[in-house]
Amino acid sequence: MDIDIISEQENPMLHRTDVRFEVQHDEATPARLQVRDSLAAKLDKGSDEVVIQELDTKFGMRKTVGYAKVYETAEHAADAEQEYVLERNAIAGDEDAEAEEA
């Protein structure tokens, strides 16, 4: 799986960078969490700081175009994103576990 960054746009009000990217893959469309981890590694960020918002694969193509939000910290991601988006990107689980322990 190869990831190419198409564009990056700074969004200082929300402490994030909006990233459009393209994924070349040999097999089926990769899972959201695989793409998130690969994109985080390419951008030298933690996986909990990257939120994959959209993945779009055309039928029969081996190319997926996506949109991600890369936050400065995981706390900024938790503050700005809706709960279901955090769950979809496996970010909310850590906070729920801490709340149950308290």
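The rules behind the values
Residues numbered from 1 in each chain as written. Predicted model: local features only at pLDDT ≥ 70, side-chain atom pairs only at ≥ 80, totals over all residues. Heavy atoms only, no water. Helix = DSSP H or I, 4+ residues; strand = E, 2+ residues; numbered from the N terminus. Contact = heavy atoms within 4.5 Å. Polar contact = N/O pair within 3.5 Å; in protein donor to acceptor, adjacent residues only side chain to side chain. Expected span 1.5 Å × (residues − 1). Buried < 20%, exposed > 50% of the residue type's maximum accessible area, 1.4 Å probe, protein only. Arc of directions from axis to C-beta. Salt bridge = Lys/Arg side-chain N within 4 Å of Asp/Glu carboxyl O. Pairing = 2+ DSSP bridges. Axes fitted to C-alpha atoms, helices over the stretch in contact; angles between N-to-C directions.

*Asks:* Could you give an account of the environment of Thr57, with specific residues and numbers?
*Replies:* Locating Thr57 in the fold gives a position in strand 3 (residues 50–57). Through-space distance from the C-alpha of Thr57 to that of Thr29 is 7.2 Å; in sequence the pair is 28 residues apart. Setting aside its immediate chain neighbours within four residues, Thr57 contacts His25, Thr29, Lys63 and Thr64. A distance of 3.3 Å separates polar atoms of two side chains, one belonging to Thr57 and the other to Thr29. A distance of 2.6 Å separates the side chain of Thr57 from the side chain of Thr64, its partner in a polar contact.

*Asks:* Lay out helix 1 (residues 32–43) in plain terms, naming residues and giving numbers.
*Replies:* The terminal C-alpha atoms of helix 1, which comprises 12 residues, lie 16 Å apart, in line with the 16 Å expected from a rise of 1.5 Å per residue. Taken as a whole, helix 1 has its buried residues at Val35, Arg36, Leu39 and Ala40. One side of helix 1 holds all its buried residues, which, seen down the axis, span an arc of 130°. Structurally, helix 1 contributes buried residues whose contacts are with strand 1 (2–11), strand 2 (16–24), strand 3 and strand 4 (63–71).

*Asks:* Pulling in residues and values, what's your account of the pattern of salt bridges?
*Replies:* Considering all chains together, one arrives at 7 salt bridges under this definition. Within the structure, one salt-bridge network assembled from shared partners comprises Arg16, Asp18, Lys69 and Glu81.

*Asks:* Quick rundown of the sheet that holds strand 4? Include the residues and the values.
*Replies:* Strand order in this open sheet of 4 strands is 1-2-4-3, and the pairing throughout is antiparallel. A strand with exactly one partner marks an edge of an open sheet, and here the two such strands are strand 1 and strand 3. Across the sheet, the mean angle separating the axes of adjacent strands is 20° when strand polarity is ignored. Here 9 bridges tie strand 2 to strand 4, and the two strands are oriented antiparallel to one another.

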